[in-house]
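# Working through the structure, step by step
Chain by chain, the residues run as shown.
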Amino acid sequence: MPQEYKDIKEQRLKDYQNWSTKPPELIVIGGGITGAGIALDASLRGIKTLLIEKSDFASGTSSKSTKLIHGGLRYLKQLEFGLVKETGLERAITHRNIPHLIHPEKMLLPISKDGEFNFWSATLAIGLYDRLAKVLKKDRKRNFNKQRTLREEPLLKPQMVQSSIQYSEYRTDDARLTIEIIKSAVALGASALNYAQFESFEYVDRKIVGVNIYDKILDRNQTVKTQQVVSATGPWVDDIRRLDDSLNNKSLHLTKGVHIVLPKAKLPISSAIYFDDFKGRMIFAIPRGEVSYIGTTDTNYKADKDQVSCNIEDASYLINACNHMFDIPTLKIQDIISHWAGLRPLIHEKGKGPSELSRKDEIFESPTGLISIAGGKLTGYRKMARRVIKTVQKKHPKLSQARGKSRKHRLHKNPFKNYASFLRFKKSMLEKYALTVISEKTILHLCDTYGATAKDIIESSLQKSHQDSIHNIIEAELMHCFAHEMVLFPEDYFIRRSSRLYFDIFFMQKHLAFILDLFADYYQWTPAIKEEQTNHCLSLLEEGLKFTKINP
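These remarks concern the structure in this document. Being a predicted model, the structure only gives us computed values, none of them experimental.

### Focus on the overall build of the protein
Scanning the protein from terminus to terminus reveals 17 helices and 19 strands. For the protein, whose C-alpha radius of gyration is 23 Å, the value lies close to the compact-globule estimate of 24 Å for 552 residues. Each of the three principal axes of the protein carries a C-alpha extent, and together these read 70 × 60 × 50 Å. Counted over contacts in the protein with a minimum sequence separation of 6, partners at least 24 positions apart contribute 72%. Accessible surface for the protein amounts to roughly 23,500 Å². Of this, 51% is attributable to carbon and sulfur atoms.

### Let's talk about unusual backbone geometry
For the bond running from Gly 295 to Thr 296, omega is 15°, close enough to zero to count as cis. Here Thr 296 shows up in the loop between strand S15 (291-295) and strand S16 (299-300). With a phi angle near 55°, Tyr 5 is a residue other than glycine that sits in the positive phi range. Overall, Tyr 5 belongs to the buried group, its relative accessible area being 6%. With phi around 55°, Met 486 is a residue other than glycine that occupies positive phi space. With respect to the helices and strands, Met 486 occurs in the loop between helix H13 (469-484) and helix H14 (490-497).

### Here's the deal with the sheet that holds strand S10 (residues 220-225)
In any sheet, the strands associate via hydrogen bonds between backbone groups, in a parallel or an antiparallel arrangement. One open sheet accounts for three strands, arranged S8-S9-S10; its pairing is antiparallel. Pairing within the sheet leaves two strands with one partner each, and these edge strands are strand S8 (196-204) and S10. Geometrically, the sheet is characterised by an average inter-axis angle of 25° between neighbouring strands, direction not taken into account. Along the sheet, helix H1 (residues 6-21) makes contact with S8, strand S9 (207-215) and S10, crossing S10 at roughly 35°.

### Some details on the packing of helix H3 (residues 81-97) against helix H9 (residues 381-395)
Packing of H3 against H9 leaves a shortest axis separation of 9 Å and a crossing angle of 105°. By the angle between their directions, the pair H3 and H9 is classed as roughly perpendicular. Of the residues in H9, those in contact with Glu 86, Glu 90, Ile 93 and Thr 94 of H3 are Tyr 381, Arg 382, Lys 383 and Arg 387. A class-by-class count of the residues in the contact of H3 with H9 yields two nonpolar, one polar and five charged.

### Comments concerning the packing of aromatic side chains
This structure, assessed with the given rule, holds 25 aromatic pairs. Between Tyr 129 and Tyr 167, the ring centres sit 5.9 Å apart and the planes meet at 85°, which makes this aromatic pair edge-to-face. Placement of Tyr 129 in helix H4 (residues 119-132) and of Tyr 167 in strand S6 (residues 163-171) is noted, with a sequence separation of 38 residues between them. Exposure class is identical for Tyr 129 and Tyr 167. Each is buried. Between Phe 519 and Tyr 523, the ring centres sit 6.5 Å apart and the planes meet at 40°, which makes this aromatic pair tilted. On the criterion of helical spacing, the pair formed by Phe 519 and Tyr 523 is a turn pair, its members being four residues apart in helix H16 (residues 505-523). Of the residues examined, Phe 519 reaches a relative accessible area of 0% and is grouped as buried. In this structure an aromatic cluster arises from ring pairing among Tyr 5, Tyr 195, Phe 482, Phe 489, Phe 519, Tyr 522, Tyr 523 and Trp 525. The ring of Phe 507 has Arg 500 lying over it, and the distance from NZ or CZ to the ring centre is 3.7 Å.

### A short note on the packing of helix H12 (residues 453-461) against H13
Packing of H12 against H13 leaves a shortest axis separation of 8 Å and a crossing angle of 130°. Judged by the inter-axis angle, H12 sits oblique to H13. In this structure, H12 meets H13 at a crossing whose hand is right-handed. Residues Thr 453, Ile 457, Ile 458, Ser 460 and Ser 461 of H12 form the contact with H13, whose participating residues are Asn 472, Ile 473, Ala 476, Glu 477 and His 480.

### Some thoughts on helix H11 (residues 440-450)
Along H11, the positions that sit buried rather than exposed are Thr 442, Ile 443, His 445, Leu 446, Cys 447, Thr 449 and Tyr 450. Buried residues along H11 sit against helix H6 (174-187), helix H10 (419-432), H12, H13, H14 and helix H15 (500-503). Looking one or two places after H11, you find Gly 451, whose phi comes out positive at around 65°.

### Description of the side chain of Arg 171
Summarising the element assignment, Arg 171 is placed in strand S6. Here Glu 105 takes part through its side chain, which lies 3.0 Å from a polar atom of the side chain of Arg 171. The contacts of Arg 171, once residues within four sequence positions are left out, are Lys 67, Leu 68, Leu 101, Ile 102, His 103, Glu 105, Ile 286, Pro 287, Arg 288 and Tyr 293.

About the criteria used
Residues numbered from 1 in each chain as written. Predicted model: local features only at pLDDT ≥ 70, side-chain atom pairs only at ≥ 80, totals over all residues. Heavy atoms only, no water. Helix = DSSP H or I, 4+ residues; strand = E, 2+ residues; numbered from the N terminus. Rg over C-alpha atoms; globule rule 2.2 N^0.38 Å. Contact = heavy atoms within 4.5 Å. Areas by Shrake-Rupley, 256 points an atom, 1.4 Å probe, with all protein chains shown as cover. Buried < 20%, exposed > 50% of the residue type's maximum accessible area, 1.4 Å probe, protein only. Pairing = 2+ DSSP bridges. Axes fitted to C-alpha atoms, helices over the stretch in contact; angles between N-to-C directions. Parallel < 35°, antiparallel > 145°, perpendicular 65-115°, else oblique. Nonpolar A, V, L, I, M, F, W, Y, C, P; charged D, E, K, R; others polar. Phe/Tyr/Trp six-rings, centres within 6.5 Å; stacked < 30°, edge-to-face > 60°. Lys NZ or Arg CZ within 6 Å of the ring centre and 35° of its normal. Left-handed = near helix turned anticlockwise from the far one by under 90°. Polar contact = N/O pair within 3.5 Å; in protein donor to acceptor, adjacent residues only side chain to side chain.

Listed below in structure tokens is the structure:
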């Protein structure tokens, strides 16, 4: 056996061998937030589950959202009361179950002449939003006049503002939330494979009895039998249904959503803003550390689902919207230092445009036994998973019929009691390591990313002896990711474990060579693999920084 990834390969071979005699009861295709939630819900009920993902976990839509746990205020205009109520209530549940990843965020909605909301419609909508989501009294909406609005956010253009409403949402890291859910499922007995691509189904009498997998790490095909297959593949749901010959009169309508990232100095907003583009859409501007990010667009998409990108039209639209709303030196497209683009797998409705389509999820059942789920929102992942597993249980009465337990299941092995205890932890970490070479920025990044595990990473770093102290932290962080977070390639770390590519791209640029050396040493890369991965990382940097290089 080749030496690269030797331990990973040996473990996978053992797993496939075990599954040949004791197959999983459920196979979930798709390692995004929906598939992760299904695997967790099933595992909590005692259903033996295997989750497979063709790339890295959360590599599709689930790392490319607006990174908010929110009810979807604008969906009230579409009379989606049930959706808003469900996702609104789910915000508090997810916040309780993993406090270090779900941060309370005050959102300011400026009221402008000719905007999507006038004062009375916004007051009514947000008041209803608060009631549907059972928002605590202290966090309910507050109405501000023009003067108070400009004190809250001095960067708003005075001529654009009549008043505003402040309300409560939550900010998250979508990819890390997905990873933590998968880790929690694995701790309960589930198996999860990234870089394991679904190829086809195995049938007996036109009923699915297994799947054929191309394992990219082993570079070989494997067949795994099972009682039930669920496709939670987001934008690829119709592709899987087509392979199963089970497409019906309902299909997906894909729309593209783009976000851009600016240095905080270019858009130094003091809180999150939900503002008009005055073309029928609303846009978020959200501060995060040393950057602010803006999104999103909503345009039809029919190109390659594996090559979704932010183009100059997308970026210009968001830059122009900011210039229209904020009293700042004119933003230029060259100010964009990173960006991301993802796809929304919505259910097609004839005659409706992208922004009019429902965000409701829907379950499809095939005569072959395949269950597929599409649509939905990041915030509603837990309820979506619950509906899928109840469907599975109904079809298979011999499987565990245990009731769901995800509502109160904490998602981290060392969870915080509540958000206040997380804030106390962060404060104690800053105090404890104040006199060390570890910067405040690094400590906060580790706490917000890994929760209580940040302490273990920092303590491990203090035992290392690199001349550059930040290399000690990087090595300790990566060793944790290798051992506990299924990181196989640098992209997994830069995008979906640390979000460095999006929110700290110059860190990635500065320390890339050192990080590549760590990967090469740990996984015993050949020179050819290292060259391939180096070129791939350089292409990620080039893509992320591409707008900075456009000639004015």
